[in-house]
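A closer look at the structure
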Amino acid sequence: YLLGWSPLFWIIAPGILSNDNNSNSKDGMKVLIQRIFSPPVIGSLSGLIVGSIPFLRNLIVSSNGILNPLFEAISTLGAGYLPIVLLVLSGSLIPPPADKNIVE
């Protein structure tokens, strides 16, 4: 469910939100292929492939894997995602301070 939901939105949403009306079928096919192989879709598919092949999964995730320090560093950075997003959201909800130089 989760592996299919995000790539599906990345493929379909640009077509719905854009005002592109390509009459040329060759250009339309090129745009469709670019939408299907967008960076989020490629990342999801590569994660699925790495996670389903035991050798690659052990290379990255196991505690004695070669790429484990990189995996741990990315996991540490990812742990700070939610607090940062909440700070940005709360900062955008606060009204700007009133300017004292403006005469009412």
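Remember, predicted model here, so these are calculated numbers, not experimental data.

Cut-offs used in this document
- Along each chain, numbering runs from 1 in the same order as the chain's sequence is written.
- Residue-level local features of this predicted model are given only where pLDDT is at least 70; pairs of side-chain atoms are given and counted only at 80 or more, and the full residue set underlies all totals for whole chains, interfaces and linings.
- The basis for every side-chain value is the complete set of heavy atoms in the structure, and neither hydrogens nor water enter the calculation.
- Helix and strand assignments come from DSSP, with helices taken as H or I runs of at least 4 residues and strands as E runs of at least 2, each series counted from the N terminus.
- All axes here are fitted lines through C-alpha atoms, helices being fitted over the stretch that makes contact, and every angle between N-to-C directions spans 0 to 180 degrees.
- When describing relative orientation, an angle under 35 degrees is termed roughly parallel and one over 145 degrees roughly antiparallel, while 65 to 115 degrees is termed roughly perpendicular and anything else oblique.
- The contact definition used throughout considers only heavy atoms, calling two residues in contact when any of these lie within 4.5 Å.
- Accessibility here uses a 1.4 Å probe with only protein chains present; expressed as a share of the type maximum, an area under 20% marks a residue as buried, one over 50% as exposed, and anything in between as partly exposed.

Relative to the helices and strands, L56 resides in helix α4 (residues 54-60). Sequence separation between L56 and L67 is 11 residues, and the spatial gap between their C-alpha atoms is 9.8 Å.

This part takes up the packing of helix α5 (residues 68-79) against helix α6 (residues 81-93). Across the interface, α5 lies against α6 with an axial gap of 5 Å and an inter-helix angle of 30°. One way to sum up the angle between α5 and α6 is to call them roughly parallel. Taking contact as the criterion, the partners of L77, G78 and A79 in α5 are, on α6, Y81, L82 and P83.

On to the side chain of N68. Positionally, N68 belongs in helix α5. Classification of N68 by relative accessible area gives buried; the value is 10%. Once residues lying within four places of it in the same chain are set aside, the contact partners of N68 are L59, I60, V61, S62 and S63.

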